[in-house]
Amino acid sequence: MADIARLANVSKITVSRALNDSPLVRADTKEAIRNVAREHGYRFNKAARNLRLRRHHTIAVAFDSNAHHPLTEPFPIAVIARIAESLTNNGYDLLVCAETGTSADWGAAIAAKPVDGVIVIGSDKDGAMVDGIRRAQLPAILCGSDHVDDAYPTLSGDNVHGGELAASRLYAVGRRDLLFLGDIDNSEERQRWEGFDETARRLAVRSLRQLPAGIGHGDGYEAMGRLLEGEGRCFDGLFARNDMVAMGAVRALERAGLSVPGDVSVIGYDDIPMAAGFSPPLTTIAQDSRRTGEEIVARVLALVDGETVDSVKLPTTLVVRRSCA
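Calculation criteria
- Residues numbered from 1 in each chain as written.
- Predicted model: local features only at pLDDT ≥ 70, side-chain atom pairs only at ≥ 80, totals over all residues.
- Heavy atoms only, no water.
- Salt bridge = Lys/Arg side-chain N within 4 Å of Asp/Glu carboxyl O.
- Helix = DSSP H or I, 4+ residues; strand = E, 2+ residues; numbered from the N terminus.
- Buried < 20%, exposed > 50% of the residue type's maximum accessible area, 1.4 Å probe, protein only.
- Axes fitted to C-alpha atoms, helices over the stretch in contact; angles between N-to-C directions.
- Parallel < 35°, antiparallel > 145°, perpendicular 65-115°, else oblique.
- Left-handed = near helix turned anticlockwise from the far one by under 90°.
- Contact = heavy atoms within 4.5 Å.
- Nonpolar A, V, L, I, M, F, W, Y, C, P; charged D, E, K, R; others polar.
- Core = buried A, V, L, I, M, F, W, Y, C linked by side-chain atoms within 4.5 Å.

Engineer: Any chance you could explain the pattern of salt bridges here in plain terms?
Structural biologist: Pairing between side chains of opposite charge can happen when the charged atoms of each approach one another. One pass over the structure, following the stated rule, counts 14 salt bridges. One salt bridge in this structure joins Arg290 and Glu85, with 3.5 Å as the shortest N-O distance. Of this pair, Arg290 sits in helix 13 (residues 289-304) while Glu85 sits in helix 5 (residues 74-89), placing them 205 residues apart in sequence. Glu85 sits in the partly exposed class, given a relative accessible area of 34%.

Engineer: Explain the packing of helix 10 (residues 217-231) against helix 11 (residues 243-255) here, please?
Structural biologist: The description of two packed helices rests on the angle between their axes and on the distance between the axes. Running from amino to carboxyl end, helix 10 crosses helix 11 at an angle of 40°, the nearest separation of the two axes being 6 Å. Taken together, helix 10 and helix 11 sit at an angle that is classed as oblique. Like other packed secondary-structure pairs, helix 10 and helix 11 cross with a definite hand, here right-handed. Contact residues: His217, Gly220, Tyr221, Met224, Gly225 and Leu228 in helix 10; Met244, Val245, Met247, Gly248, Ala249, Arg251, Ala252, Leu253 and Arg255 in helix 11. Taken together, the residues of the contact of helix 10 with helix 11 break down into 9 nonpolar, 4 polar and 2 charged.

Engineer: When you look at the nonpolar core in this model, what are you seeing that I'm missing?
Structural biologist: Counting 51 residues, the largest nonpolar core has Ile119, Leu181 and Met224 as the members making the most contacts within it. For this core, the element with the most residues is helix 11, which contributes 8 residues.

Engineer: Teacher, can you tell me more about helix 2 (residues 12-19) here?
Structural biologist: Note on helix geometry: an α-helix contains 3.6 residues per turn, so any two residues three or four positions apart are oriented the same way. Buried within helix 2 are the following residues: Thr14, Val15, Ser16 and Ala18. In the core, the buried residues of helix 2 are packed alongside helix 1 (2-8) and helix 3 (27-39). Note on helix 2: the residue one or two positions beyond its end, Asp21, has a positive phi of about 60°.

Engineer: What am I meant to see in the packing of helix 5 against helix 13 here?
Structural biologist: Closest axis-to-axis distance for the helix 5/helix 13 pair is 8 Å, and the angle between their directions is 50°. With respect to helix 13, the axis of helix 5 lies oblique. Here the hand of the crossing between helix 5 and helix 13 comes out right-handed. Where helix 5 abuts helix 13, its residues Phe75, Ala78, Val79, Arg82, Ile83, Glu85, Ser86 and Leu87 lie against Ser289, Arg290, Thr292, Gly293, Glu294, Ile296, Val297 and Leu301. Partitioning the contact of helix 5 with helix 13 into residue classes produces 8 nonpolar, 4 polar and 4 charged.

Below, the structure is given as structure tokens:
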């Protein structure tokens, strides 16, 4: 850095500020210093900076990769991609922690990582992961977690409203026998069911039921297939826990000789990219993965800087396509 300062005819502190994009340095001076640095192969030493500032400039995403939130599902992957992009734009690195074993084991493992803060995505039902983060005195934000802790802010989509939108849409297209396909043991989907159930009962539908199903395309296909084989079609409107389950259910309905939306109207959740290209195009409750990732990062970095952060619910919206037109 001293060499760059001499070559650019400025002080070392000006070089440091310029390479850190400080507003205290004029734009033309920054560019001149950066040109000298590039010309002479200078590389900023992040490890040395972090040691000096006692910061790691790394945020962990602690992902509860279980049956409720597998890391292979499209929406969580999209959110993590947006988190990574936003962290990079803010000069931070991402460390994904999807440990095996009990939550107590990997709660302790996360606490030992060289990170400045933690984003918890997933259920953490027993709170062991949060307990490990607390012991390490790490700032954290909880996203889609069953564990509620007043010490940590939460961020989630407005799942109750999503369920309300689904029930209202099915009713609006004339459906009166409704089915929710999902796992209400999971907090986010329980909220979707609660909004769906309350709205359907208020609208006085003829029948309403909930059928457990796993999280993937095959789970939706198998659960729907078993229901149709055992009881036949006992519903005319379906709301699924996510888009993948909805798509699997549509294929099972078609295999049974039923049409979507002719015999059954179907609504998914998340608005993943393939929903629009599915046949038939899938009506769904949309969550904005880009905004979710950016909001998560803004809040965890504020916590790292010692600021107070409130919990937030992000909006959900209905996207109408042919499966429930």
